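Breakdown of the fold
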Amino acid sequence: MRKEVLTSDILVIGAGPAGLAAGYSAARSGRSVLLVDENPTPGGQIWRGEWRHPRSRRAAFWFKKIYEGRIPVLNGVRIIAEPEEGVLLGEGVDTLYELRFDKLILATGARERFLPFPGWTLPNVVGAGGLQAMVKMGLPIRGKRVVVAGTGPLLLAVAAYLRAQGACVLLVAEQTPLSRLLWLGWGLWRYPSKSVQALLLRGQLLGVPYRTNCWPIAAEGEGKLERVTLRCGSRTWVVRCDYLACGFHLVPNVELARLLGCELLHGFVRVNALQETSRPNVFCAGEPTGIGGVELALLEGQIAGYAAAGDLKRARSLFAARNRWRLFAERLHRAFTLRPELKDLPDAQTIICRCEDITLERLERFCSWREAKLQTRCGMGPCQGRICGPIVEFLFGWHVDSVRPPIFPARVVSLIPMEGEDSTYVHELGRRYAGDHHEF
Amino acid sequence: MAERVTVTINGVRVEVPAHVTVLAALIMHGIVTFRKSVRGEMRGPLCGIGVCFECRVTINGQHHSRSCQVLCQEGMDVRTE
Amino acid sequence: MLGGSSVNRRAYDIVIVGAGIVGAACAAECAQEGMLVAVVEAACVGGGATGAGMGHILVVDDSEALFALTYYSRSLWDQLAEELPPECEFQRYGTIWIASEDEDMELLKRKEQFYRARGVAVQILDERALAEAEPNLRKGLRGGLLVVADSVVYPPCAAQFLLERAQARGAKIFFGQPALQCEAQGVRLRDGSLIPADVIVIATGTWASELVPALPIRKRKGHLAITERYPDFVRHQLVEVGYTKSTHAHEADAVAFNVQPRPTGQVLIGSSRQYTTDDSHVDHKTLARMLQRACTYLPRLAELMIIRTWTGFRATTPDNLPLIGPIPGHERLYLATGHEGLGITTSLGTAKLLTAHLLKRSPPISLEPYLPARMENPVWLSASR
């Protein structure tokens, strides 16, 4: 393991839409910028795997901005700790990065919320965004029968994508009642691009049943998934399938923000109009400030980038657009609230903590997350509560408390003092990292 | 750039497209369960983005590597439980 | 879990404040002796040092008094072992004290003589035997001393077990309210209710000073880290023989090599001691030094994955001996606290000593060294009286 010290004016964590927009905006204002992302290539979740072949004009646009701007992106690097103020530690495969900066922009995105039901730990029961991510990175799906279930606009996007890749999408089961969706759809006239998107998706999904008021209650099979039992109101029926792609909307990745001491509001990072958090010189953009989709993430990213760079005029010019999209995000959030029946899905034997195999019956007797953790070790596995935390919050109302370093499992060698072998200022990095060949 | 790379899965050399994850390579070759849980249940991947740790395998001798986050490279050695 | 409702009935024989391992052990012992026991716990079972420490059960040779208490307590754990449920993870791993320098070998030999003279089963390991016992230790270590009958337990579940034992004999646990005052009739909780009792036992670890303000207890912060599962990476609890120096130094921040296998296959890494802070945040520099020290003994540790780190506070007294027994001038008020890093081990012995004193029986070992009366600063309770 070697150590490298990288210094920049502005450090952006996350190279999804918000991070790319922030990076570009900050660089445009003349600052030296470094983007760091844990995935193999830029794009976050929505543009995963598209760095070489963008699938949308918007992805192509932003990738091109980064590439042509020669803005350095460190991929495959996870932030694990803040050893001192103004410094973050990033762990790569064989390099430890000491990242020094004046201003920090957190664009750490979101992850799916999983909810337990009998059989959810069977192989081939996967996330909805999860299956999409796997297919984007090479998982063969052609001819496979897929049930997409859970909640949120992501389900439609996933179903459409999988279908386009040759999967046989049997149905989309959305737990939200139809009435709420109509209410959401009714408000879409304010957001023409979203209406168009919705229509397009409906077109792409012609022939695929979209059932509202509908959710999975059990997954079964020998050694792997073979069939799913769905409930729709009072009716239940069984569907034979190869994959159940099931996710219940998104949970913001706020672990780094919390480690840095940024205040949260209702579980999201609290920011002011300039996207600045409660901690000076730390900004946040995109899903961690509120789940709102790609348009909002791009706007927040740009505002954060300009604000961090000191270009307040440009930042402010985007306020109106961002605020419009914020309203859409709030509407979205209200449409897809989780119904209480979902709390009754797991039975006593259903596993809640997958890392340590802790079942519901072992947890029910406790009054707090801390107590449950100490007595059962629920949440003490490598996922550090990222999967089971949202579950116990939904089932029991427990608040998942402290965040300590490493905020992601890290090798001992990354945490011990090490002399840096290389110390580089980021304006020199452009030559090193812009070398990949691309055609946008 | 190569179109395909050769990796070894549980001792067997196979060819896979370049730029796919180890996870995809395993599924392509019929491996659906990657690791044994604490209670001994066979598990496969869940989140696809590197946070759930269900997709762990041993890559080039490194235990607990998340196969969904690692791209296949020429000569890689992959072992599942 | 039992919650508090009306407590205005007959007085309890004893109310124990704190449901950590010491409080739980005392509750179990008193209940077993037929006393009507109440336990008051502000948060959750084992939520303090009990849930933060290593759960190492060992004998020490720091002093005759600490040896007597740990040796006696260790045998109590051995007897209890068969009854402990699986989640308590009791394992007889044994401890190996490790000498890295020649002068450490002197310490090791003295330790061996001390233990042999008192009937403790030990075995000197030379360089080769040490390497065989623990293949992941680096080459060139001088040797080790294996203490065969030391063991390891998972403290929060052990505390829970002891508490349930107390409850099976009628003990009542009151959760959710901190005890604010010791009064003539009992203990006053934050919501104003009173737990009436003839005797009050303070077993609140580093929170003791709120109830008894002049208590000479300082908080000593420790860091710990735990790895992913790597079965058989180490097989015994491994401690550097110079460890004692760090436990006794009262001012300097210190790290020492102290590593433990868990039945899960995870490796638990300690240890650190800091006086200077009340802050429970994981301090990166201290963590780094602690891990680095561990790597100098176990080089391959560098490649293992850390999944969690945390801190805890040890309750420390000026002479490093716990406070067990009545507060001078207040026969109804007892202390069972100040156990520093030996709380898990000595919890069972503490409980036995306490009950023997309460029941006016002759104690299994002398209680003298641990009596609060030994402290030269007898301004106990000045504020709350």
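Scroll up to find the structure.
An account of the accompanying structure is given in this report. (Residues numbered from 1 in each chain as written. Chains lettered and ligands numbered in written order. Predicted model: local features only at pLDDT ≥ 70, side-chain atom pairs only at ≥ 80, totals over all residues. Heavy atoms only, no water.)

As for the overall build of chain B
The line we're drawing: Helix and strand assignments come from DSSP, with helices taken as H or I runs of at least 4 residues and strands as E runs of at least 2, each series counted from the N terminus. In this description the radius of gyration comes from C-alpha coordinates, and the expected globular size is given by 2.2 Å times residues to the power 0.38. Whether a residue is buried, partly exposed or exposed follows from its accessible area with a 1.4 Å probe, protein chains only, as a fraction of its type maximum: under 20%, in between, or over 50%, in that order. The contact criterion used throughout is that any non-hydrogen atoms of two residues lie within 4.5 Å.
The number of helices and strands found in chain B is one helix and seven strands. Relative to the globule expectation of 12 Å for 81 residues, the C-alpha radius of gyration of chain B, 12 Å, shows essentially globular dimensions. Based on the C-alpha atoms only, the size of chain B along its principal axes is roughly 40 × 25 × 20 Å. Among the 81 residues that make up chain B, the fraction classed as buried is 60%. Counted over contacts in chain B with a minimum sequence separation of 6, partners at least 24 positions apart contribute 36%.

Let's talk about the sheet that holds strand S15 (residues 266–273) of chain C
Our working definition: Think of it this way: DSSP has to see at least two bridges between two strands before they count as a pair. Every axis corresponds to a line fitted to the C-alpha atoms, with the helix fit spanning only the stretch in contact, and the corresponding angles, defined between N-to-C directions, vary from 0 to 180 degrees.
The strand order S22(A)-S16(C)-S12(C)-S15(C)-S14(C)-S13(C)-S4(C)-S6(C)-S5(C) describes an open sheet built from nine strands, whose pairing is mixed. Of all the strands in the sheet, the pair left with one neighbour each is strand S22 (410–411) of chain A together with strand S5 (122–126) of chain C. Pairing between strand S4 (residues 95–99) of chain C and strand S13 (residues 237–240) of chain C: four bridges, direction parallel. Across the sheet, Ile-96 of chain C pairs through a bridge with Leu-238 of chain C, a residue of S13 of chain C. Sitting on the sheet, helix H9 (residues 284–297) of chain C touches S4, strand S12 (218–229), S13, strand S14 (254–261), S15 and strand S16 (305–316) of chain C, and the angle it makes with S14 of chain C is about 60 degrees.

Thoughts on the side chain of Glu-174 of chain A
Residues and elements named next belong to chain A. Worth spelling out the cut-off: Counted as positive: Lys and Arg. Counted as negative: Asp and Glu, with His and the chain ends omitted from the count. Here a salt bridge means any side-chain nitrogen of Lys or Arg lying within 4 Å of a carboxyl oxygen belonging to Asp or Glu. Side-chain atoms alone can form a polar contact between residues adjacent in sequence; in general such a contact is a pair of N or O atoms within 3.5 Å, and within protein one must be able to donate a hydrogen while the other accepts it.
Turning to its location among the elements, Glu-174 is positioned in strand S10 (residues 168–174). Although buried, Glu-174 forms no salt bridge, and the nearest oppositely charged side chain, Arg-339, lies 7.5 Å from it. Among the polar contacts made by the side chain of Glu-174, one reaches the main-chain amide nitrogen of Thr-176 at a distance of 2.9 Å.

Topic: the interface of chain C and chain A
For clarity, the threshold we go by: Accessible area that two parts lose when put together, evaluated with a 1.4 Å probe and summed over both, is termed the buried area. Each residue is assigned to one class: nonpolar for Ala, Val, Leu, Ile, Met, Phe, Trp, Tyr, Cys and Pro, charged for Asp, Glu, Lys and Arg, and polar for all the others, Gly among them.
Contacts between the two partners involve 32 residues from chain C, matched on the other side by 27 residues from chain A. Taken together, the two surfaces of chain C and chain A that pack against each other cover about 2800 Å², and 56% of this comes from carbon and sulfur. Run the count over chain C and chain A and you get four salt bridges. Salt-bridge contacts for Glu-164 of chain C lead to Arg-365 of chain A; the nearest nitrogen and oxygen are separated by 3.4 Å. Applying the counting rule to chain C against chain A returns 13 residue pairs in polar contact (both at pLDDT 80 or more). Every element with two or more residues in the side of chain C that touches chain A is listed here: helix H6 (155–168), S12, H9 and S16 of chain C. Among the elements that make up the side of chain C that touches chain A, the one with the highest residue count is S16 of chain C (six residues). Among the residues forming the side of chain C that touches chain A, the class breakdown is 17 nonpolar, nine polar and six charged.

Considering the environment of Val-45 of chain C
By the secondary structure assignment, Val-45 of chain C is in the loop between strand S2 (37–41) and helix H2 (49–52). For the pair Val-45 of chain C and Ala-159 of chain C, spaced 114 residues apart in the sequence, the C-alpha separation amounts to 6.9 Å. Apart from residues lying up to four places away in sequence, Val-45 of chain C is in contact with Leu-374 and Gln-375 of chain A together with Ala-19, Pro-156, Ala-159, Gln-160, Leu-163 and Phe-175 of chain C.

A look at the nonpolar core
Stated formally: Residues grouped as a nonpolar core are buried Ala, Val, Leu, Ile, Met, Phe, Trp, Tyr and Cys residues, joined through side-chain atoms within 4.5 Å.
One finds Leu-244 of chain A together with Ile-98, Ile-269, Leu-291, Leu-298 and Leu-301 of chain C to be the most contacted residues of the largest nonpolar core, which totals 93 residues. It is H9 of chain C that provides the largest number of residues to this core, a total of six residues. Beyond its immediate chain neighbours, meaning those up to four positions away, Ile-269 of chain C contacts Met-54, His-223, Leu-224, Ala-225, Thr-227, Asn-258, Val-259, Met-290, Leu-291, Ala-294, Leu-301 and Ile-306 of chain C. Core analysis: the next-biggest nonpolar cluster, separate from the first, contains 79 residues, Leu-80, Leu-108, Val-201 and Leu-367 of chain C among them.

Some thoughts on the packing of helix H3 (residues 128–136) of chain A against helix H4 (residues 154–164) of chain A
Residue and element names in this part refer to chain A. Definition in use: Each angle is binned into one of four classes, with values under 35 degrees roughly parallel, values over 145 roughly antiparallel, values of 65 to 115 roughly perpendicular, and all other values oblique. Crossings are sorted by hand: turned counterclockwise from the far helix by less than a right angle, the near helix makes the crossing left-handed, and turned clockwise it makes it right-handed.
Where H3 contacts H4, the axes come no closer than 9 Å and their chain directions differ by 30 degrees. One element, H3, and the other, H4, form an angle in the roughly parallel class. The interaxial crossing formed by H3 with H4 has left-handed handedness. Contacts between H3 and H4 involve Ala-128, Gly-129, Leu-131, Gln-132, Val-135 and Lys-136 from the first element and Leu-154, Leu-155, Ala-157, Val-158, Tyr-161 and Leu-162 from the second. Of the residues belonging to the contact of H3 with H4, the class tally is nine nonpolar, two polar and one charged.

Quick word on the pattern of salt bridges
Going through the model one piece at a time under the given rule, you end up with 50 salt bridges over all chains. Here Asp-311 of chain A makes a salt bridge to Arg-314 of chain A, at a shortest N to O gap of 3.0 Å. For Asp-311 of chain A, a relative accessible area of 18% puts it in the buried group. Judged by its relative accessible area of 32%, Arg-314 of chain A falls in the partly exposed class. Arg-56 of chain B serves as the salt-bridge partner of Glu-228 of chain C, at 2.3 Å between the closest nitrogen and oxygen. Taken together, the residues span two chains, with Glu-228 of chain C in strand S12 and Arg-56 of chain B in strand S5 (residues 56–59). Note on Glu-228 of chain C: relative accessible area 2%, which makes it buried. Overall, Arg-56 of chain B belongs to the buried group, its relative accessible area being 9%. Among the ionic contacts, a cluster of salt bridges with common partners joins Arg-354 and Asp-357 of chain A together with Arg-35, Arg-39, Glu-41, Arg-43 and Glu-54 of chain B.

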